[in-house]
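Each chain is listed here by its residues.
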Amino acid sequence: MLYAIISEDVADSLDKRASARGDHLARLERLRDEGRLTLAGPHPAVDSTDPGQAGFTGSLVVAEFDSLEAAQTWADADPYIAAGVYARVTVKPFKAVLP
């Protein structure tokens, strides 16, 4: 089943994001390589694909996991959590309807 992992950043998270970005992306690339990643990306803090120093307010990952517990366990191990990027992470079942 698909799960949405909705993360909200702490204030001024840009430097923290930069420090853990490589490890964070490596985990997402593994999901992609396993055919389990539907989409992933950050929420820019301003209306721009390149927010510069404005940074980001959070992230969204939609991926396939065996259970809600497995999705939560994966989300809890995100390097952005260890780096203090995320203030809150919510994991919910997700049903894709379109496209």
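In this report, the structure presented in the accompanying data block is examined. (Residues numbered from 1 in each chain as written. Predicted model: local features only at pLDDT ≥ 70, side-chain atom pairs only at ≥ 80, totals over all residues. Heavy atoms only, no water.)

1. A short note on the sheet that holds strand β4 (residues 86-94)
Within a sheet, adjacent strands bond to each other through the backbone by hydrogen bonds, running parallel or antiparallel. Taking strand neighbours across the sheet as the criterion, the four strands line up as β2-β3-β1-β4 in an open arrangement whose pairing is antiparallel. Every other strand in the sheet has two partners, leaving β2 (37-44) and β4 as the edge strands with one partner each. When strand polarity is set aside, the average angle formed by the axes of neighbouring strands in this sheet is 10°. Judged from the seven bridges that link them, β2 and strand β3 (residues 56-64) form a sheet pairing that is antiparallel. Looking across to β3, one finds that L37 is bridged to A63. Contacts from helix α1 (residues 14-33) reach β1 (2-9), β2, β3 and β4, with the element oriented near 10° to β3. Its contacts with the sheet put helix α2 (residues 68-76) on β1, β3 and β4, and the angle it makes with β4 is roughly 155°. (Pairing = 2+ DSSP bridges. Helix = DSSP H or I, 4+ residues; strand = E, 2+ residues; numbered from the N terminus. Axes fitted to C-alpha atoms, helices over the stretch in contact; angles between N-to-C directions. Contact = heavy atoms within 4.5 Å.)

2. Some thoughts on empty space enclosed by the protein
Counted by the stated rule, this structure contains one cavity of 30 Å³ or more. Counted as a void, the largest cavity has a volume near 30 Å³. Taken together, I5, S7, H24, S59, V61, W74, D78 and Y86 form the lining of the largest cavity. Broken down by secondary-structure element, the contributors of at least two residues to the lining of the largest cavity are β1 and β3. Taken together, the residues that form the lining of the largest cavity break down as four nonpolar, three polar and one charged. (1 Å grid on protein atoms, 1.4 Å probe; cavity = no way out; pocket = protein on both sides within 12 Å on 5 of 7 lines; lining within 4 Å. Points joined across faces, edges and corners; volume = space filled by probe spheres on them. Nonpolar A, V, L, I, M, F, W, Y, C, P; charged D, E, K, R; others polar.)

3. Brief notes about the environment of S13
Locating S13 in the fold gives a position in the loop between β1 and α1. Taking the C-alpha atoms as reference points, S13 and G58, 45 residues apart in sequence, are found 9.2 Å from one another. The residues contacting S13, other than those within four sequence positions of it, are F56 and V85.

4. Considerations on the pattern of salt bridges
Following the criterion strictly, the structure yields five salt bridges and no others. Between D33 and R32 there is a salt bridge, with its nearest N and O atoms 3.0 Å apart. Take D33: its relative accessible area is 59%, and that puts it in the exposed class. Taking relative accessible area as the criterion, R32 reaches 48% and is therefore assigned partly exposed. (Salt bridge = Lys/Arg side-chain N within 4 Å of Asp/Glu carboxyl O. Buried < 20%, exposed > 50% of the residue type's maximum accessible area, 1.4 Å probe, protein only.)

5. Remarks on the nonpolar core
In terms of nonpolar packing, the biggest core is built from eleven residues, these being Y3, I5, L28, L31, V61, A63, F65, A71, W74, A75 and V91. For this core, the secondary-structure elements that each account for two or more residues are β1, α1, β3 and α2. Sorting elements by how many residues they give to this core places α2 first, with three residues. In contact with W74, other than residues within four places in its own chain, are I5, R27, L28, L31, V61 and F65. (Core = buried A, V, L, I, M, F, W, Y, C linked by side-chain atoms within 4.5 Å.)

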